[in-house]
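Here's the letter readout for the chains.
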Amino acid sequence: MGVDLFGIGKSALLGFQQALSTVGHNIANVNTEGYSRQQVMFGTTRPFYTTRGWLGTGVQPTEVRRIYSAFVNAQVTHNTSLNEFQQSLKQLTGSLDYMAGQEATSLNTPLQAFFNAVQEVATSPADIAAREVMLGESRSLVQRFRLLNDEFDRLQNQANSQIQATVADINGMAENLARLNEQIIRDIGTGQIPNDLLDQRDYLINQLAEQVAVQTVEQDNGALNVFIGSGQALVVDTRANRLLAAPLGADPNRLDIAIDAPSGPIRITEQITGGRLAAQLEFRDRDLSRARNEIGRVAIGLAIRFNEQHAQGLDLNGNIGSDYFAVPQPLVLDDPNNSTYGISSIGVQYEDISQLTTDNYRMSFDGVNWTLVNLTTGQSVPLTPSGGDFLADGMRITPDPGAVAGDSYEIRPTANGALQIDLLIDNPRLIAAASTHATRALDTNTGTGGISDVTVTNAADPAFTTDLTIVFDNPPTSFSINGNPSQPYTPGAVISLNGIEFVIDGTPAAGDTFTVTYNSDAVGNGDNALRLAGIQQEQILAGGNETVFSAYDEYLARIGTRTRQVNTNAESQQVLLDQAIAQREGISGVNLDEEAANLQRYQQSYQAAAQVISTADTLFNTLLQAVGG
Amino acid sequence: MRISTQQIFSQGVQGMLNQQSKLAFTQLQLATGKRINQPSDDPAGAMRIQELKEGLETARQYLDNSKLLVSRLQLEDSVLQNAVGNLQRFRELVVQGGNDTQDGIGRLAISDELAELLDDMLALANTRDADGEYIFAGTRTGTEPFARVPGGFAYNGNTDQREVQVSASRTIANGDPGSAVFMDIPNGNGVFVTGAGAANAGSGVIVPGTVTDLSAWVPDNYTLTFTSPTTWEVRDSAANLVTAGTYVPGQDIAFNGITVQVTGNPATGDVFSIDASTSQSLFDTYQGFVDLFRTPVVTAADQGRFFSRYNALLSSLDQALDNLTRTEARVGGRANAAEVEQFVQEDLTVYLQTAIAQFEDLDYAEATSRFQLQTIALQAAQQSFARIQNLSLFNYL
């Protein structure tokens, strides 16, 4: 057959029709998320050989091409994970930041009111009203600790339920991806690329990347395999694995992430990166846990130090001060796989509050030795043996006698602080505002000797309430107490008897007399309350560098700094994602002006092709008339 | 660069959202008047504000403490003033009663008024403050400190002083233990006290005496004995002879750095005591006068004993007056110190409030102009969005 103008015109008409419908498809999908614009590619049809040369035979659409860049799409997916991680973290840390900024959840206000009330008792120790105020402020303080703890619990529960929801989303998306893979494998079998399905799959991958960071590997059959964490398969060909959110560790309140394998769940909590899920895990296990521990340490430091000082005083009934606050206990979580689970455990007590950290620990037994690892820093902590126990970071740890190799225990030394601190005294008379003994250098003394306050070492000593008169001998290198045999004088040395301790310092003269008098009925003595109030200024925490106030201020500053840093990261990550999206949109996005121009172009081409057919028709008629003429 | 239609749209929307969130932040600052609304707004500043507020609250507490302390010291001061007034009145009456022209009936009448003054003084010493606490009981403020007991007066308080915190580094004593104010007062002239023997037959009277050289004084109880109406000797408590001499009425008898005089006509064997001072309560001194003025004076010997005792008691009374005025001066000094601390804490409060305001308070001028700028930026974003959305090739086809 020769060259057929009709044929050429027809091929062009059909080709441009297809191009026009593709333009229409592009316009129709201008608002479809993840859609990549399509273009009809044209090629010439096979030319016709003549001895004078090859004659063209028309046009044919070779393919409907999806305009996209695999590299740029991967950039978008990657940045989506990073960005969603930062945005979620920003939201979550923002809730702590907000809490820290509110007067209603501030610890500073009730702490200050509490210490001011103690000062009032020091100034008016016999005033029952002042004592009632102190108890009231103590209750408010304890309640504020509880409120903070409740907030931490609420945020933790919220994080846990978000984790569950995220895992459910991931499972749903994995199912959809597996089904899409199935369709794509089938459609590719037909020899043509299913552009729209590929767009859908890319879009779904992006949505999955919002939940968690994924790696993808495209298979020869067209399937896309999806991995999370450090290479755990989520989707392989047409099969999706399920993720689980369940407590697998020692803490029943801490959901782990696991792959639901036939052999049992495989824990991958620590391997999760990127996306909402990693942000939720990081917030829960790092920010929230640390915040709880920091507030807990303030509660524990205050309770222990206050009780210690309270036991140095006398209450209005003339008794030694009893425990003022209930001291919280360290939280020990036994691994459910321990041989002694539910039977015995390690014992943890506070040894030195100034050495307590706000970190969590893991204590493990290898059959011979015990080891302690700081879970926050990952560093191993040296254990100092002490009478069968171990001392480490302000804790006294008693090993589990029944432990076998492989047993481990998680220790959260200060996690219970805000939860367990409580007020043990409800009778204002029981506040030990008075010191047990009054010490005095007689006015008639001529030397420079001075006597310290008394420290109680054993209030049960039978001679505890005995008054002491200490007279310096001539020469004043020795002294006698209550007429007993003289003992040598060492300035500044601790003098210990009758369950009390005190110090005489300086250079007393011969005959100088000091008295230590038991404060019976001394309802107007507020010395111990004054010392209790002085705890406000004592640097009892963080290696002796922080007061309870400055520890809380540090907490605020740290939350603020962390939130600010997360916000900054979120902003820069958003910029990176925006850039990647702009790049992808630049390549794959539909531009209506461009489509309008294409519409015009293909319409004109179509009209021209129609003209070709019309010309062929005219030619044919001319021939008919000439022949038929 | 190629831009998709969706990109144009979302860019425009994002621009407006960004401007809106900036505007909302400024609006929050304007509404609260605070520059820092959450720690993350300025972590270092937020921490500094907390520290300053802590300092402010503490300063306010110290201020309250100082005010309370000053009011308590003022109460103590006014009680002490009354006590001094009481003592001065007592002294006037005693001097009146010591006049040679007074007869027994006159002294009896005076002794009744003296007894009244003693009761008044006891009531003053047992003063309670507005909270019902005894102000002169040391820290045993729930126990009435002074009570009559057989043979004298007892102090049931303690020697403790309550310290009140008036600044981070300073405490000031709240009151004075009654023992130091009313009880532990050296009798006589403060170094020694003289007295006449109860069995003295002569009319000799001993004066309170004076100290000429304290360093030569050896504290002991000495006895001055008239070995004849014209000779005397002084022996210490171990009966060792210290000194002896010939008696001339009114002439100095000096030994161990002290000087006493005897007047009148002592009889042989009459003794006078020169004892090292011991503590004697103001009430015992008062009671001593009451008892003395009720003792009948008939013979010359009675007269001699009366005036010896009178002299010793009067010097004890002066010691008590001295002690009261010194205590009053100390209370005044402490009140002044507390007032000074009050001013310091007030200054500190003002300073801290200013410092907090600097960190925390919003600069309204800056924030308002920022707000206006942001409003304009938002309007610009909205207008450009509307304009760009109107541009489409389809409009021209």
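Residues numbered from 1 in each chain as written. Chains lettered and ligands numbered in written order. Predicted model: local features only at pLDDT ≥ 70, side-chain atom pairs only at ≥ 80, totals over all residues. Heavy atoms only, no water.

Q: An account of the overall build of chain A is needed here, citing residue identities and associated values.
A: From N to C terminus, chain A includes 10 helices and 33 strands. In terms of overall dimensions, chain A is more spread out than a globule: its C-alpha atoms have a radius of gyration of 41 Å, far above the 25 Å expected for 629 residues. With the C-alpha coordinates aligned to their principal axes, the bounding extent of chain A is approximately 160 × 50 × 40 Å. Out of the 629 residues belonging to chain A, those deemed buried represent 50%. Put simply, of all contacts in chain A between residues at least 6 apart along the chain, 69% involve residues at least 24 apart. Computing the positive centroid from 37 side-chain charges and the negative centroid from 69, chain A places the two 11 Å apart. (Helix = DSSP H or I, 4+ residues; strand = E, 2+ residues; numbered from the N terminus. Rg over C-alpha atoms; globule rule 2.2 N^0.38 Å. Buried < 20%, exposed > 50% of the residue type's maximum accessible area, 1.4 Å probe, protein only. Contact = heavy atoms within 4.5 Å. Lys, Arg positive; Asp, Glu negative; His and termini not counted. Charge placed at Lys NZ, Arg CZ, Asp CG, Glu CD.)

Q: Describe the overall build of chain B, naming the residues involved and giving the relevant values.
A: Looking only at helices and strands, chain B features 7 helices and 15 strands. In terms of overall dimensions, chain B is more spread out than a globule: its C-alpha atoms have a radius of gyration of 41 Å, far above the 21 Å expected for 397 residues. Projected onto its principal axes, the C-alpha positions of chain B cover 150 × 45 × 30 Å. Looking at chain B residue by residue over its 397 residues, the buried ones come to 47%. In chain B, of all internal contacts separated by at least 6 residues, the share reaching a separation of at least 24 is 68%. If you sum the accessible surface of chain B, you get close to 18,300 Å²; carbon and sulfur atoms cover 54% of it. Here chain B carries 26 positive and 45 negative side-chain charges, and the mean point of each set is 13 Å from the other. (Areas by Shrake-Rupley, 256 points an atom, 1.4 Å probe, with all protein chains shown as cover.)

Q: Outline the sheet that holds strand β22 (residues 408-412) of chain A, listing residues and values.
A: Taken in spatial order, the 5 strands line up as β14-β22-β16-β17-β18 (chain A) in an open sheet, and their pairing is antiparallel. The strands lining the two open edges of the sheet, one partner per strand, are β14 (331-334) and β18 (380-381) of chain A. (Pairing = 2+ DSSP bridges.)

Q: Explain the side chain of Ser111(B) to me, using residue names and the numbers behind them.
A: All names here are of chain B. Tracing the sequence through the fold places Ser111 in helix α3 (residues 104-125). The buried category is assigned to Ser111, whose relative accessible area is 0%. What Ser111 contacts, discounting residues up to four positions off in sequence, is Val290, Phe293 and Arg294.

Q: Lay out the packing of aromatic side chains with the relevant residues and their values.
A: A complete count under the given rule lists 40 aromatic pairs over all chains for this structure. Centre to centre, the rings of Phe479(A) and Tyr489(A) are 6.3 Å apart; their planes meet at 75°, and the pair counts as edge-to-face. Taken together, the residues span a long stretch of sequence, with Phe479(A) in strand β29 (residues 478-481) and Tyr489(A) in the loop between β30 (487-488) and β31 (494-497) at a distance of 10 residues. Tyr489(A) carries the same exposure label as Phe479(A), and that label is buried. The ring of Tyr68(A) carries Arg66(A) above its face, with NZ or CZ at 3.9 Å from the centroid. For the cation-ring pair, Arg107(B) lies above Phe306(B), with the distance from its terminal atom to the ring centre recorded as 4.2 Å. (Phe/Tyr/Trp six-rings, centres within 6.5 Å; stacked < 30°, edge-to-face > 60°. Lys NZ or Arg CZ within 6 Å of the ring centre and 35° of its normal.)

Q: Talk me through the packing of helix α2 (residues 70-101) of chain A against helix α5 (residues 195-211) of chain A; I want residue IDs and the actual numbers.
A: Residues and elements named next belong to chain A. In the contact formed by α2 and α5, the axes pass within 7 Å of each other and the chain directions differ by 25°. Regarding the angle of α2 to α5, the classification is roughly parallel. Handedness of the crossing formed by α2 with α5: right-handed. Where α2 abuts α5, its residues Asn73, Val76, Thr77, Thr80, Ser81 and Glu84 lie against Asp202, Ile205, Asn206, Ala209 and Glu210. For the contact of α2 with α5, the residue count by class is 3 nonpolar, 5 polar and 3 charged. (Axes fitted to C-alpha atoms, helices over the stretch in contact; angles between N-to-C directions. Parallel < 35°, antiparallel > 145°, perpendicular 65-115°, else oblique. Left-handed = near helix turned anticlockwise from the far one by under 90°. Nonpolar A, V, L, I, M, F, W, Y, C, P; charged D, E, K, R; others polar.)

Q: Outline helix α10 (residues 592-628) of chain A, supporting the account with residue identities and numerical values.
A: Residue and element names in this part refer to chain A. Across its 37 residues, α10 extends 52 Å between first and last C-alpha, which sits within 8% of the 54 Å expected from 1.5 Å per residue. Of the residues making up α10, those classed as buried are Glu595, Ala596, Asn598, Tyr602, Ser605, Ala609 and Ala616. Where the residues of α10 are buried, they touch α1 (5-28) and β1 (38-44). (Expected span 1.5 Å × (residues − 1).)

Q: How would you explain the pairing of strand β32 (residues 500-505) of chain A if you had to name every residue and give the values?
A: Residues and elements named next belong to chain A. Here β32 shows a clear split, with Ile500, Phe502 and Ile504 buried on one side and none of Glu501, Val503 and Asp505 buried on the other. Across 2 bridges, the pairing between strand β27 (residues 455-456) and β32 is antiparallel. In the strand pairing of β32, Thr455 is matched with Glu501. Direction of pairing for β31 relative to β32: antiparallel, over a ladder of 4 bridges. Its bridge partner lying in β32, Leu497 is registered against Ile500. Between the antiparallel neighbours β31 and β32 lie 2 residues, among them Asn498 with a positive phi of about 55°.

Q: I'd like a rundown of the interface of chain B and chain A, residues and numbers included.
A: Listed by partner, the interface residues are 44 residues for chain B and 59 residues for chain A. Taken together, the two surfaces of chain B and chain A that pack against each other cover about 4,300 Å², and 48% of this comes from carbon and sulfur. At the junction of chain B with chain A, the criterion picks out 1 salt bridge. Inspection of the region where chain B meets chain A yields 28 residue pairs in polar contact (both at pLDDT 80 or more). (Buried area = accessible area lost by both parts, 1.4 Å probe. Salt bridge = Lys/Arg side-chain N within 4 Å of Asp/Glu carboxyl O. Polar contact = N/O pair within 3.5 Å; in protein donor to acceptor, adjacent residues only side chain to side chain.)

Q: Could you give an account of the sheet that holds strand β25 (residues 437-441) of chain A, naming the residues involved and the relevant values?
A: Residues and elements named next belong to chain A. Read from one edge of the open sheet, 5 strands run β25-β33-β28-β29-β30, paired in antiparallel fashion. Of all strands in the sheet, those with a lone pairing partner are β25 and β30, marking the two edges. Bridge count between strand β28 (residues 468-472) and strand β33 (residues 513-518): 4 bridges; the pairing is antiparallel. Note that in β33 the partner of Leu468 across the bridge is Val516.

Q: Describe in detail helix α8 (residues 527-534) of chain A, supporting the description with residues and values.
A: For α8(A), the buried fraction is high: 6 of the 8 residues fall into the buried class. Of all the residues in α8(A), the buried ones are Asp527(A), Asn528(A), Ala529(A), Leu530(A), Leu532(A) and Ala533(A). Taken together, the buried residues of α8(A) touch α3 (108-123), α6 (275-310), β12 (313-314) and β24 (434-435) of chain A together with β3 (163-167) and β4 (170-173) of chain B.

Q: Give a detailed account of the environment of Glu132(A), specifying residues and quantitative values.
A: Tracing the chain through its elements places Glu132(A) in helix α4 (residues 128-188). It is 9.2 Å that separates the C-alpha atoms of Glu132(A) and Ala117(A), two residues lying 15 residues apart in sequence.

Q: Residues and numbers for the side chain of Glu410(A), please.
A: Residue and element names in this part refer to chain A. Among the structural elements, Glu410 can be located in strand β22. Side chain to side chain, Glu410 and Arg412 meet in a polar contact 3.0 Å long. Apart from the residues within four sequence positions on either side, Glu410 is in contact with Arg254, Leu331, Val332, Leu333, Asn360, Tyr361, Arg362 and Leu375.

Q: Just give me the short version of the pairing of strand β15 (residues 347-350) of chain A, but keep the residues and values in it.
A: All names here are of chain A. Along β15, the buried face is formed by Val348 and Tyr350; none of Gly347 and Gln349, which line the opposite face, is buried. Note: β15 against strand β21 (residues 395-398), 4 bridges, orientation antiparallel. Looking across to β21, one finds that Tyr350 is bridged to Met395.

Q: Go over the packing of helix α5 (residues 282-293) of chain B against helix α6 (residues 300-360) of chain B with me, naming the residues and quoting the values.
A: A pair of packed helices is characterised by two quantities: the angle between their axes and the separation of those axes. Residues and elements named next belong to chain B. Between α5 and α6, the least distance of the axes is 9 Å, while the angle of their chain directions is 150°. One finds that α5 runs roughly antiparallel with respect to α6. Once α5 is placed against α6, the crossing between them reads as left-handed. Between α5, through Leu282, Thr285, Tyr286, Gly288, Phe289, Leu292 and Phe293, and α6, the contact on the second element is made entirely by Phe306, Arg309, Tyr310, Leu313, Leu314, Ser316, Leu317, Ala320 and Leu324. Of the residues that constitute the contact of α5 with α6, the class distribution is 12 nonpolar, 3 polar and 1 charged.

Q: Go over the pattern of salt bridges, please, and point to the residues and values.
A: Residues and elements named next belong to chain A. Across all of its chains, the model carries 45 salt bridges over all chains by this definition. A salt bridge links Arg65 to Glu63, with the shortest nitrogen-to-oxygen separation between them at 3.4 Å. Given a relative accessible area of 33%, Glu63 falls into the partly exposed group. With its nearest N and O atoms 2.9 Å apart, the salt bridge here joins Arg562 to Glu282.

Read these as layout, nothing more, since geometry by itself doesn't imply function.
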